[in-house]
Amino acid sequence: MIARIWSGESPLWLLLLPLSWLYGLVSGIIRLCWRMGLKKAWRAPVPVVVVGNLTAGGNGKTPVVVWLVEQLQQRGIRVGVVSRGYGGKAAHYPLLLTPETTTAEAGDEPVLIYQRTGAPVAVSPARVDAVKALLTASPVQLIVTDDGLQHYRLHRDKEIVVIDGVRRFGNGWWLPAGPMRERASRLKSVDAVITNGGIAQPGEIAMRLQPGLAVNLLTGERCNVNALQNLVAMAGIGHPPRFFATLHEAGAHPVKTVALADHQALSPQDVSALIEPDQTLIMTEKDAVKCRHFAEQNWWYLPVDAHLEDKQAEKLLQELLILVR
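- Going by an unreviewed UniProt entry, the protein carries the name Tetraacyldisaccharide 4'-kinase and comes from Phytobacter ursingii.
- The annotation that UniProt attaches to the protein under Function (unreviewed entry) is "Transfers the gamma-phosphate of ATP to the 4'-position of a tetraacyldisaccharide 1-phosphate intermediate (termed DS-1-P) to form tetraacyldisaccharide 1,4'-bis-phosphate (lipid IVA)."
- Under the UniProt heading Sequence similarities (unreviewed entry), the entry covering the protein gives this text: "Belongs to the LpxK family."

Structural data, given as structure tokens:
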């Protein structure tokens, strides 16, 4: 239902417009206060790059963060990552991730980023505190913040926005009548716009998500996802249909798909109940980090990697390298 409202297909969005106007007014005043200097942003001693979005829901932001960290690491830059840690609740903040940190403590996305990149990751509702913790613990040269475009207390040297190239901005209205956290005009003030799928507009960097080999959660075995039989697909991400479409494009055709809420907590009983004994479960990597400790033999996940248009992506990376040097 919410997808139909935000796309404009359902007229119910009209009923929510007063709340959207209030949301837009409040968020606009907050941003104006920071821009006019009525509130002071804290500037880190190293460059800070924000990877965020203008809309609620999954746009492919986390794969972009992973891509960015890995690309900078390959160029010899020590990168740290900070996150709000949605879906997690730690005993204390800021929380520096370790191999033992669970998704219940840090949230699924920070754990995924930490496991994929090996970069130091800190989580805190106050991102400034997370940055300070990273700087104390690690000799990082640049910090990437996963989300936080609207978190103006932390000064940023570069802003990167990721948008869904298929859904774009829906009906264009602020929450809750539409998907917008900020209006599309905000794109004029950011440093780069990365478009996930669809058709990139002039000035946007085209990106596609490319699946790798399916990985068995229990054994680490890898194989082509289309070799797995009698599949049930599970996705607890911002936009589950994207994962299901990726499976079809890879030649895998699940007999059942299960869309879960983004950041939804998972229990062994809940996940096991999704499949019959003769079926195989395929999930996103974001779900897999929540299931590793109770995985079963027939559970697999499909990792995806962000691939950006070469020339524009290299230009963006060179701009970030200049910040460090």
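Having put the structure on the table, let's press on.
**Here's the deal with the pattern of salt bridges**
Inference 1: On inspection of all chains with the given rule, the structure shows 20 salt bridges.
Inference 2: Here Arg156 ties to Glu159 by a salt bridge, and the two come within 2.7 Å at their closest N and O atoms. Residues Arg156 and Glu159 agree in their burial class; the two are buried.
Inference 3: Linking Asp164 and Arg242 is a salt bridge whose minimum nitrogen-to-oxygen distance equals 2.5 Å. Placement of Asp164 in strand β6 (residues 158–164) and of Arg242 in helix α7 (residues 240–249) is noted, with a sequence separation of 78 residues between them.
Inference 4: For Arg242, a relative accessible area of 18% translates into the label buried.

**Some words on the pairing of β6**
Inference 1: Counted residue by residue, β6 has 7 buried out of 7 residues, so it is predominantly covered.
Inference 2: In β6, alternate side chains face the same way, and those of Lys158, Ile160, Val162 and Asp164 on one face and Glu159, Val161 and Ile163 on the other are all buried.
Inference 3: Relative to β6, strand β1 (residues 48–52) runs parallel, the two being bridged by 4 bridges. From the neighbouring strand, Val50 faces β6, where its bridge partner is Glu159.
Inference 4: As defined by bridge partners, β6 adjoins strand β7 (residues 192–196) across 5 bridges and the pair is classed as parallel.

**As for the nonpolar core**
Inference 1: Within the largest apolar cluster, 40 residues are counted, with the highest numbers of intra-cluster contacts made by Val51, Leu68, Leu72, Val144, Ile160, Ile194 and Leu308.
Inference 2: Here this core gets 7 residues from one element, more than from any other, and that element is helix α3 (residues 61–74).
Inference 3: Not counting residues up to four positions away in its chain, the partners in contact with Leu308 are Trp67, Ile194, Ile205, Ala206, Met207 and Ala313.

**A few points about the packing of α3 against helix α5 (residues 108–117)**
Inference 1: The geometry of α3 relative to α5 is characterised by a closest axis approach of 10 Å and an angle of 30° between their N-to-C directions. The angle between α3 and α5 falls in the class roughly parallel. Crossing of α3 against α5: the hand is right-handed. Contacts between α3 and α5 involve Lys61, Thr62, Val65, Val66, Val69, Glu70 and Gln73 from the former and Glu109, Leu112, Ile113, Arg116 and Thr117 from the latter.

**Thoughts on the side chain of Lys286**
Inference 1: Along the chain, Lys286 falls in helix α9 (residues 285–291).
Inference 2: Under the relative-accessibility criterion, Lys286 is labelled buried at 9%.
Inference 3: A distance of 2.9 Å separates a polar atom in the side chain of Lys286 from a polar atom in the side chain of Glu109.
Inference 4: For Lys286, the residues in contact, after removing those within four places along its chain, are Asp108, Glu109, Leu112, Gly236, Ile237, Asp262 and His263.

**What to know about the UniProt feature "transmembrane region" (unreviewed entry) in the protein**
Inference 1: Mapped onto this numbering, the UniProt entry annotates "transmembrane region" (unreviewed entry) at residues 12–34.
Inference 2: Secondary structure within residues 12–34 divides into 78% helix and 0% strand; the distance between the first and last C-alpha atoms comes to 34 Å.

**Considering the pairing of β1**
Inference 1: In terms of burial, β1 is largely enclosed, as 5 of its 5 residues are buried.
Inference 2: Of the two faces of β1, the one holding Val48, Val50 and Gly52 and the one holding Val49 and Val51 are both buried throughout.
Inference 3: Relative to strand β5 (residues 142–146), β1 is paired through 4 bridges, and the arrangement is parallel. Looking at the pairing, Val51 lines up with Asp146 of β5.

Thresholds applied
Residues numbered from 1 in each chain as written. Predicted model: local features only at pLDDT ≥ 70, side-chain atom pairs only at ≥ 80, totals over all residues. Heavy atoms only, no water. UniProt positions renumbered as here; feature names shortened; annotations may be inferred. Salt bridge = Lys/Arg side-chain N within 4 Å of Asp/Glu carboxyl O. Buried < 20%, exposed > 50% of the residue type's maximum accessible area, 1.4 Å probe, protein only. Helix = DSSP H or I, 4+ residues; strand = E, 2+ residues; numbered from the N terminus. Pairing = 2+ DSSP bridges. Core = buried A, V, L, I, M, F, W, Y, C linked by side-chain atoms within 4.5 Å. Contact = heavy atoms within 4.5 Å. Axes fitted to C-alpha atoms, helices over the stretch in contact; angles between N-to-C directions. Parallel < 35°, antiparallel > 145°, perpendicular 65-115°, else oblique. Left-handed = near helix turned anticlockwise from the far one by under 90°. Polar contact = N/O pair within 3.5 Å; in protein donor to acceptor, adjacent residues only side chain to side chain.

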